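Overview (structure and organization)
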Amino acid sequence: MGTHGQNNPVLAKKLLDSMQNDLRMLSAECKRKHPEVKECAEMVQVKLRTVSAKNEDIIAGLLSMSSDVIQPFVLGCDTKNPKLVPQCLVAVQRMISHEAVSTAAADSIIGMLWRLMEVGMEELKLLQTAILLLTINSVVQHESLAKALVLCFRLHFTKDSTTINTAAAAIKQLVSAIFDRVVIEDKLPTMEPKEPINIEELKAGSKSPPKSLRPCAGDAYLLFQDLCQLVNADQPFWLTGMTEMTRTFGLELLESVLTSYPSTFSQHHEFSFMLKEKVCPLVIKLFSPSLKYRQGLPPAPSPALVEKPYFPIVMRLLRIVAVLIRFYYPLLVTECEIFLSLLVKFLDPEKPIWQRCLSLEVLHKLSVQPGLIKSFCQSYDMKPHSTKIFRDIINALGAFIQSLFMNPLGGPVTQGGVKLPDTQGTPPAIVGGMPVGGGVSPQPAFIYRGVWIPLLTNIPQGQVKAGFLELLDKTEPPAVPDGYGVSLAFRNLMEMTKTVQVLVMGEGEEGELKAKREVDVTESSEEDRQLNIELINSSWCGMLAALSLLLDASTDESATEMILKAQEAYANMCGHLNMATPRDAFITALCKASLPPHYTLTILNSHANSSSGYKVLNRTASQESASDTVERSQVVAIGTALPTASLPAGSHQSQVSLTAKNIQVMRALLSLAHCHGDILGSAWHLVLTTLQHLVWILGLKPSAGGSLKAGQQINDASSSVITTAAMADLPVLSAMLSRLFESSQYLDDVALHHLIDALCKLSSESMELAYNNREPSLFAVAKLLESGLVNLGRVEVLWRPVAAHLLEDIVLSSLWDLAIKGTTYSFDSGSSKNNQLPPVQLQALLHVVGSGSEMTKLKII
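Quick caveat: nothing in here was measured; it's all calculated off a predicted structure.

1. Concerning the overall build of the protein
Helix and strand content of the protein: 33 helices and 11 strands. Put simply, of all contacts in the protein between residues at least 6 apart along the chain, 76% involve residues at least 24 apart. Total accessible area computed for the protein in this model is approximately 37200 Å², and 54% of it derives from carbon and sulfur atoms.

Here it is, written out as structure tokens:
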């Protein structure tokens, strides 16, 4: 290790001079009171004079006689003279730091330090000396090493706070140094045959290391074994002389070893055995109070009182659990299943809120690691008789969020029967979605069923850093800030979505998601495909329920945007994997969120009901009032509902409101259709039906070429009321709609067929309304025109459905007054074979249908 003076003659000479000087001073000080020390010092002075004469390498010469050289200083310390002891310790430290101390000399020094420790002298200097002795090289091993460690532990439990803190730091440093030796030892080649491992010996525990380990690994093994013993309140085997130990400090030491030396545990079976047989059962046993305890409920009748969970222990155990899962998962698949189930259990409503938050923090650390999430899914969810761990985690996050909204005001009762502060706060005074008061910017929050919970934006996106898991100095559970739990659970869901997206869709070089449109997912191995399907199957129900609730409750534009992106990501992944039910469920949720509350749209309800087994927290009239909706988002448009066949005549006259959030969701829906049109399939009908209704409420009307513009009807006499903010949005939405259909030229033939089929269906529905003398929507016809014009190059794909629909329903029935005044189009039926009209004539036909508002003269020849 260090080589302060070994190869440097100048430094070695300097050391020799300093030693002579120290001995002269010691001799002078002890002349009267301690003649034996004076005598010993003078003898060593004589010996030192010969060192430089006899040895070229002064340090090597000192090393060989170091037991003699340190003797006067050891005797000096044994005098317990307050003036001599510090001087002697400085001299000893000087020899140690120049690596001029042999194993025998080190043993003498440790004995001397022990005697000083027992009388409580120079405690800080003792610790300094011990650290130097154990870290500068490996001369101290085995029993001496154990004794030096025990000395530091004993100093950690003295009365003086400075000594206690210094000793704690010294122990942590020494534990690391002992494991660092193993890392170095493992790199050194060895010719010795390896002894077989004796499992029974390992189980029993011993003060001798396993014969299968080399010396440094043997010491580290005995140290780790004893830390487990001490935390379990058992007697140590190797660290003899320990008088006391706290469980919290022991857990911290175990955690620091497990965090820093995973390679030691994976390389040596003896260490991994200890992990499985000692550490995991210990952690599970210590969690017992947390599992049995149920807050606010009368204790179950039992002979023993239920022990309350103790924050410092629970927090340290959860830190260890996080380390075990993150670094040792392959070694501990079965144990990790138990730990993950515990984390889920800790989210239950009857657990103290601080414990639930700690569990969320650990889950957050795991959620950002795609490799781990993949392993959970493979090891548990995909196995027939295993716990569906990944599914349980997602469901528990959603249930946790829901429980905070459903919790009756007043919150749970603390252990002592004192009422806890409410877990939900009081919203600021809000009018039209904006807080009232000078210079107040609205705080991001969630509102649901009258419960207002702030969203804390200072929780970092990546690792949650300044959380409860870091409060190592606290003995009482911290007060949980309003909104902390919901904010953590929200971040967890966002990270989980990103992680699943990385696993299913792959990740680009810069960490950006690659669009895998050109890659058919079925090309990847069947195993990967099955994993991807399981990732979605395990998570989509819980994710949809949680995201729908959060979307409903969100009052913050950027939080809403994150939720919408997550829903879009899931819809896209489901589409890529040809999983129509979950895809349609996510799309239905987006469609519902874009429309006014309680808006009657049969298609959405039928889709929601057909999606097997998923439960979304939908808004119902009994649950919320109009003011709830206004609190969440400002109303920006008022219009009339689009007539549909299922609506009784006259009911479409009633006014409906669109909020800023509805418009935001509409944009997300347009983005989903634009970016992922190739995976929508039959869901195109859902998306386009919803867009048609939104366009109608906003008063957008078809114009030349099929684009939609704000109609002239928005005036004083009109039933539509559009705010200035929304008026600015209308041209943007109109352009997005046009871009959506213009980009249909990039869809493959199958996707284009789905789009055209959906538009034809919509158009037919509109015509049925026209039969009943209701004003129909021209959305579908206008968008057929737009889509047809950009896809003329592959007219054969769309001609058959479009021609069949238009000729039958529009031209032959003469249902609508749609044409350009005085224009006659003639189609020579002789040139038509199986409705395959030439592109020019198709273009003409589409232009007729999609423009103007007066009667056309169509002559069928």
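Let's pick the thread back up.
2. Some points on the packing of aromatic side chains
Two numbers describe a pair of aromatic rings. These are the distance of the centres and the angle of the planes. In this structure the tally under the stated criterion is 17 aromatic pairs. Both rings, one in Phe-179 and one in Phe-271, keep their centres 6.1 Å apart while their planes meet at 70°; by these two values the pair is edge-to-face. Taken together, the residues span a long stretch of sequence, with Phe-179 in helix α9 (residues 161–187) and Phe-271 in helix α14 (residues 269–286) at a distance of 92 residues. A relative accessible area of 0% places Phe-179 in the buried class. By way of ring pairs, the aromatic residues Phe-179, Tyr-221, Phe-224, Tyr-261, Phe-265, Phe-271 and Tyr-328 are connected into one cluster. Positioned over the ring face of Trp-114 is Lys-147, at 5.4 Å from the centre of the ring.

3. Details of helix α22 (residues 526–553)
Helix length check: α22 (28 residues) gives 40 Å between terminal C-alpha atoms against 40 Å at 1.5 Å per residue, within 8%. Taking the largest bend as the criterion, α22 deviates by roughly 45°, centred on Trp-540. Taken across its 28 residues, α22 has 22 buried, putting it largely inside the fold.

4. Topic: the sheet that holds strand β5 (residues 635–640)
Strand pairing in a sheet relies on backbone hydrogen bonds. The paired strands run either parallel or antiparallel. Strand order across the open sheet formed by three strands is β6-β5-β9, with antiparallel pairing between neighbours. The open sheet has two edge strands, β6 (655–659) and β9 (721–722), and neither has a second partner. The strands touched by helix α27 (residues 660–675) within the sheet are β5 and β6, with β6 carrying the most contacts at an inclination of about 70°.

5. Section: the pairing of strand β4 (residues 451–454)
The alternating pattern of β4 places Val-451 and Ile-453 and Trp-452 and Pro-454 on opposite faces, both of which are buried. Across four bridges, the pairing between strand β3 (residues 445–448) and β4 is antiparallel. Each bridged residue has a counterpart across the sheet, and for Phe-446 the counterpart in β4 is Ile-453. Counted between consecutive antiparallel strands, the loop separating β3 from β4 contains two residues, among which Arg-449 sits at a positive phi close to 50°.

6. Looking at the packing of helix α20 (residues 389–406) against α22
The contact between α20 and α22 brings their axes to 8 Å, and the two run at 15°. As the angle between them shows, α20 and α22 are arranged roughly parallel. Relative to α22, α20 is oriented so that their crossing is left-handed. On α22, the residues that touch Phe-390, Arg-391, Ile-394, Asn-395, Gly-398, Ile-401, Gln-402 and Phe-405 of α20 are Leu-535, Ser-538, Ser-539, Gly-542, Met-543, Ala-546, Leu-549, Leu-550 and Ala-553. Broken down by class, the residue content of the contact of α20 with α22 amounts to 10 nonpolar, six polar and one charged.

7. Focus: the side chain of Ser-744
Tracing the backbone shows Ser-744 in the loop between α29 (724–742) and α30 (749–771). A distance of 2.9 Å separates the side chain of Ser-744 from the side chain of Asn-791, its partner in a polar contact. Apart from the residues lying within four places of it in its own chain, the contact partners of Ser-744 are Leu-752, Leu-755, Ser-787, Val-790, Asn-791 and Arg-794.

8. Notes on the pattern of salt bridges
In this structure the tally under the stated criterion is 17 salt bridges. A salt bridge links Lys-276 to Glu-335, with the shortest nitrogen-to-oxygen separation between them at 3.4 Å. Of this pair, Lys-276 sits in helix α14 while Glu-335 sits in helix α17 (residues 333–345), and the two are 59 residues apart along the sequence. Classification of Glu-335 by relative accessible area gives buried; the value is 13%. Across the pair Lys-474 and Asp-473 runs a salt bridge, and its minimum N-O distance is 3.9 Å. Residue Lys-474 is classed as partly exposed on the basis of its relative accessible area of 37%. A relative accessible area of 62% means that Asp-473 is categorised as exposed.

9. Let's talk about helix α4 (residues 66–78)
Taking 1.5 Å of rise per residue, the 13 residues of α4 would be expected to cover 18 Å, and the 18 Å separating its terminal C-alpha atoms lies within 8% of that figure. When the local axis directions of α4 are compared, the greatest deviation, roughly 30°, occurs at Pro-72. Looking at α4, one finds that the buried residues are Ser-66, Val-69, Ile-70, Pro-72, Phe-73, Val-74, Gly-76 and Cys-77. Close packing links the buried residues of α4 with α1 (9–29), α2 (35–54), α3 (58–64), α5 (84–97) and α6 (103–119).

10. Re the state of the cysteines
If you walk through the whole model with that rule in mind, you get zero disulfides. With no disulfide of its own, Cys-88 has Cys-77 as its nearest cysteine by sulfur position, at a separation of 4.7 Å. When its relative accessible area of 1% is taken as the criterion, Cys-88 is described as buried.

11. A word on the confidence of the model for the protein
This prediction gives the protein a mean pLDDT of 79; 77% of its residues lie at or above 70. Within the protein, helix α12 (residues 247–260) carries the highest mean pLDDT (95), whereas strand β11 (residues 857–860) carries the lowest (33). Considering only residues more than four positions removed or in separate chains, one finds that residues 408–439, a stretch of pLDDT under 50, has 53 contacts. Below a pLDDT of 50 lies the segment residues 460–464, which in the model reaches 16 contacts outside its immediate sequence neighbourhood of four places, other chains included.

12. Digging into the side chain of Ser-367
With respect to the helices and strands, the residue Ser-367 is situated in helix α18 (residues 353–367). The residues contacting Ser-367, other than those within four sequence positions of it, are Ile-373, Asn-492, Glu-495, Met-496 and Thr-499.

13. Some remarks on the packing of α17 against α20
Remark: α17 packs on α20, axes separated minimally by 9 Å, with the N-to-C direction vectors making an angle of 15°. Taken together, the axes of α17 and α20 are roughly parallel relative to one another. Crossing hand, α17 versus α20: left-handed. Between α17 and α20, the contacting residues are Glu-337, Leu-340, Ser-341 and Val-344 on the first element and Ile-389, Asp-392, Ile-393 and Ala-396 on the second. Split into classes, the residues belonging to the contact of α17 with α20 amount to five nonpolar, one polar and two charged.

14. What about unusual backbone geometry?
For Glu-122, which is not a glycine, the phi torsion comes out positive at approximately 45°. Along the chain, the position of Glu-122 falls in the loop between α6 and α7 (123–135). With relative accessibility at 31%, the residue Glu-122 sits in the partly exposed group. Even without glycine at this site, Arg-449 takes up a positive phi of about 50°. Take Arg-449: it is sitting in the loop between β3 and β4. The partly exposed category is assigned to Arg-449, whose relative accessible area is 38%.

What counts, and where the lines are drawn
- Sequence order as written defines residue numbering, which begins from 1 separately in each chain.
- pLDDT decides what is reported in this predicted model: residues at 70 or higher carry local features, side-chain atom pairs at 80 or more are listed and counted, and totals for whole chains, interfaces and linings draw on all residues regardless.
- Heavy atoms throughout the structure, all of them, feed into the side-chain values; hydrogens and water do not.
- Going along the chain from the N terminus, every DSSP run of H or I of four or more residues is numbered as a helix, and every run of E of two or more is numbered as a strand.
- Here, two residues are considered to be in contact whenever any of their heavy atoms come within 4.5 Å of each other.
- For every accessible area listed, the method is Shrake-Rupley and the probe measures 1.4 Å; residues are considered covered only by the protein chains on display.
- Aromatic rings from Phe, Tyr and Trp, taking only the six-membered ring of Trp, are treated as a pair when their centres fall within 6.5 Å; an angle between ring planes under 30 degrees marks them as stacked, one over 60 as edge-to-face, and anything in between as tilted.
- With a 1.4 Å probe rolled over the protein chains alone, any residue whose accessible area is under 20% of its type maximum counts as buried; one over 50% counts as exposed, and the rest are partly exposed.
- A ring has a charge above it when a Lys NZ or an Arg CZ is no more than 6 Å from the ring centre and no more than 35 degrees off the ring normal.
- Helix span is expected to be 1.5 Å times the residue number reduced by one.
- Take the seven residues that end at a residue and the seven that start at it, fit an axis to each, and the angle between those axes is the bend at that residue.
- For two strands to pair, DSSP has to find at least two bridges joining them.
- Note on geometry: axes are C-alpha line fits, over the in-contact stretch for helices, and angles between N-to-C directions span 0 to 180 degrees.
- Working definition: roughly parallel below 35 degrees, roughly antiparallel above 145 degrees, roughly perpendicular at 65 to 115 degrees, and oblique for all remaining angles.
- The crossing is said to be left-handed when, going from far helix to near helix, the turn is anticlockwise and less than a right angle, and right-handed when the turn is clockwise.
- Just so you know the grouping, Ala, Val, Leu, Ile, Met, Phe, Trp, Tyr, Cys and Pro go in nonpolar, Asp, Glu, Lys and Arg go in charged, and all remaining residues, Gly too, go in polar.
- Any pair of N or O atoms that falls within 3.5 Å is considered a polar contact. Within protein, one atom must be able to donate a hydrogen and the other to accept it, and sequence-neighbouring residues count only if both atoms are side-chain atoms.
- We define a salt bridge as a contact between a side-chain nitrogen of Lys or Arg and a carboxyl oxygen of Asp or Glu at a distance within 4 Å.
- Any pair of cysteine sulfurs within 2.5 Å is marked as a disulfide.
- Within a predicted model, pLDDT stands for the predictor's per-residue confidence, ranging from 0 to 100.

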